[in-house]
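# Overview (structure and organization)
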Amino acid sequence: MISSAAHARGRPSIASALAAFVDWLMPLAIRVDPHRRRRARLFVVGHLFGTPIGLLLAAYIHAVDAAASGRMWLLTGGMAAFLLYPLALRLTGWFNLLALASMEHLTLVILFGAYHYGGAASPFLPWIVPIPIIAVLHYGPRVAPRAMVLGALAMQLFGFFLIGALGPGFPRHIPGSSLTTAGIFSVLGAVAFVTMIALYYTGTITEQQAELRDEVLSHRETAEKLRDARDEAERANFAKSQFLANMSHELRTPLNAIIGFSEIIGSELLGPVGTAKYASYSKDIARSGLHLLKMVGDILDLAQIETGSFVLGENDFELVALVDMTARQLQPFAELRGVAVAVNAPLGPVHMRGDEPRVKQIVINLMSNAVKFTGRGGSARTTVTQDAQRGIIFKVTDTGIGIAPVDIHRMMLPFEQAGRTMQRGAGGTGLGLPLARELVMRHGGTLALESAPGKGTTVTVTFPPERAITPPRLEESRPEPCQYPLKSA
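This is a predicted model, so every value here is computed, not measured.

Basis of the calculations
Residues numbered from 1 in each chain as written. Predicted model: local features only at pLDDT ≥ 70, side-chain atom pairs only at ≥ 80, totals over all residues. Heavy atoms only, no water. Helix = DSSP H or I, 4+ residues; strand = E, 2+ residues; numbered from the N terminus. Contact = heavy atoms within 4.5 Å. Areas by Shrake-Rupley, 256 points an atom, 1.4 Å probe, with all protein chains shown as cover. Expected span 1.5 Å × (residues − 1). Buried < 20%, exposed > 50% of the residue type's maximum accessible area, 1.4 Å probe, protein only. Phe/Tyr/Trp six-rings, centres within 6.5 Å; stacked < 30°, edge-to-face > 60°. Lys NZ or Arg CZ within 6 Å of the ring centre and 35° of its normal. Axes fitted to C-alpha atoms, helices over the stretch in contact; angles between N-to-C directions. Parallel < 35°, antiparallel > 145°, perpendicular 65-115°, else oblique. Salt bridge = Lys/Arg side-chain N within 4 Å of Asp/Glu carboxyl O. Pairing = 2+ DSSP bridges.

## Overview of the overall build of the protein chain
- Scanning the protein chain for helices and strands turns up 17 helices and eight strands.
- Excluding contacts between residues fewer than 6 apart, the proportion of contacts in the protein chain whose partners are at least 24 apart in sequence is 74%.
- Looking at the protein chain as shown, the accessible area adds up to about 26,700 Å², and 65% of this sits on carbon and sulfur atoms.

This is how it looks when you write it as structure tokens:
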């Protein structure tokens, strides 16, 4: 058998029932928005709580005013009409318009009652005080509606007192002694109404603080989870990079052996192969092995950079000769793709200090990219200049397909390729440009990329002045660029 206490606990309380009824008087669009719901609750509760107080005051006036007729019916009807606003809110959802109409309605009822009962000393005038408070709570930081309510209130009060001062005065339907008791009751009712609003507002602030506290805790939990996920991803990435760095010897050694033995077979160094097709196959194996070794080398170099185990080997070398040699090496590839290659460099040598194999890797990556992403009939130009303030500048410009501005930042990330390069089937791992940038940065330099779709790409590498060994000469460059034109068919 269920006890009466348990049964009482199972029934909804009066407060919860009232809250449910208040929420029922609001349309769904308002209930789902926490901020609008709080203002609408104040609107509904204010009308449900304030209207009975006003009706009690009207009942007292009616009791002491034996001659009350039409004015009392107008006054009572005007007060009772406030109960219609919550129903209108449920039917229309026009909160802002109804709030404005309600405050104007209240002002007119107060001034009507004050005109007939007491004038400037009327028991109805204390109800003017809640109107500015209600305007602030209903409209919050919105200045325009608050200014409209307060401006209308000021003008109506001014007109009311002007009637009393310049007109025939206010009518005296009941003695002043009878208004004293009504005034006390009215002040107490206005105080109770304002107190109710203040308590509701305090509860709203408490509710908002609780929601904000919950939201902050939720954000903290999310931030901690994201931090843990980031740390885990960084650990996994470091483990991957460490593994690849440790695999350098295991991967490069067998590839070098494959390439070396295939070249021996292809050149028939130890005697004839017997079948010419086998020699051709061995050359294909060597070319594929060299391509694979280049890709593996880029991946392993980037892994070493990420793990911090990468160390530059410092030596002196001549940059222009390195660029010329690279251009000649790329000439067969450029001819195959129908791209003209040109080098524009100073007349004299440009000596610099750095890791020569890594600088050559930078040059090869940038120049081969320029040829790879340029269509037949285009050109790839490499320029070397030296400046006392800026240092050594190495620039590669092509007339290729270009890169969209939104893709430029992605091209600096490992394994990323712009959409148009993928559509053209250029292939590759997407490591050439990121690896070149990392190697340039290890030399203390910078790499900048400028491009636009259909207008080609310019990659500018700047090595700092301290990398230069020879000072810049007065003669800037060769009179004409050194051309590596296409061979006639």
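## Observations concerning helix 9 (residues 143-166)
- Here helix 9 contains 24 residues, and its C-alpha end-to-end distance of 34 Å stays within 8% of the 34 Å for a straight helix at 1.5 Å per residue.
- Buried residues of helix 9: Pro145, Val149, Ala152, Leu153, Gln156, Leu157 and Phe160, and no others.
- At its buried positions, helix 9 is contacted by helix 7 (95-116) and helix 8 (130-139).

## Side note on the packing of aromatic side chains
- With the rule as written, the count across this model stands at five aromatic pairs.
- Ring centres of tryptophan 127 and phenylalanine 193 lie 5.7 Å apart, and the angle between their planes is 50°; on these two criteria the pair is classed as tilted. A residue pair is termed long-range when its members are at least 10 positions apart, and tryptophan 127 in the loop between helix 7 and helix 8 and phenylalanine 193 in helix 10 (residues 176-246) qualify at 66 residues.
- Residue phenylalanine 193 is classed as buried on the basis of its relative accessible area of 6%.
- The cationic tip of arginine 90 hangs over the ring face of tryptophan 24; the distance from NZ or CZ to the ring centre is 4.1 Å.

## Quick notes on the packing of helix 4 (residues 34-64) against helix 6 (residues 84-92)
- For the pair helix 4 and helix 6, the least separation of the axes is 8 Å and the interaxial angle reads 150°. On the basis of their axis angle, the class for helix 4 and helix 6 is roughly antiparallel. Within the contact between the two elements, helix 4 uses Ala40, Phe43, Val44, His47 and Leu48 and helix 6 uses Tyr85, Pro86 and Leu89.

## Let's talk about the pattern of salt bridges
- The full count for this structure, using the stated rule, is five salt bridges.
- Residue aspartate 316 is joined to arginine 353 by a salt bridge in which the shortest nitrogen-to-oxygen separation is 2.9 Å. Of this pair, aspartate 316 sits in strand 1 (residues 315-318) while arginine 353 sits in strand 3 (residues 351-354); the two residues are 37 residues apart in sequence, bridging distant segments of the chain.
- Judged by its relative accessible area of 37%, arginine 353 falls in the partly exposed class.

## Comments concerning the pairing of strand 4 (residues 379-387)
- Judged by which residues are buried, strand 4 turns out to be one-sided: Ala380, Thr382, Val384 and Gln386 face inward and are buried, whereas Ser379, Arg381, Thr383, Thr385 and Asp387, on the alternate face, are not.
- With five bridges joining them, strand 2 (residues 340-344) and strand 4 adopt parallel strand pairing. Each residue of the ladder has a partner; that of valine 341, found in strand 4, is alanine 380.
- In this structure, strand 4 lies alongside strand 5 (residues 391-398), joined through eight bridges in antiparallel fashion. By the bridge assignment for strand 5, alanine 380 is matched with aspartate 398.

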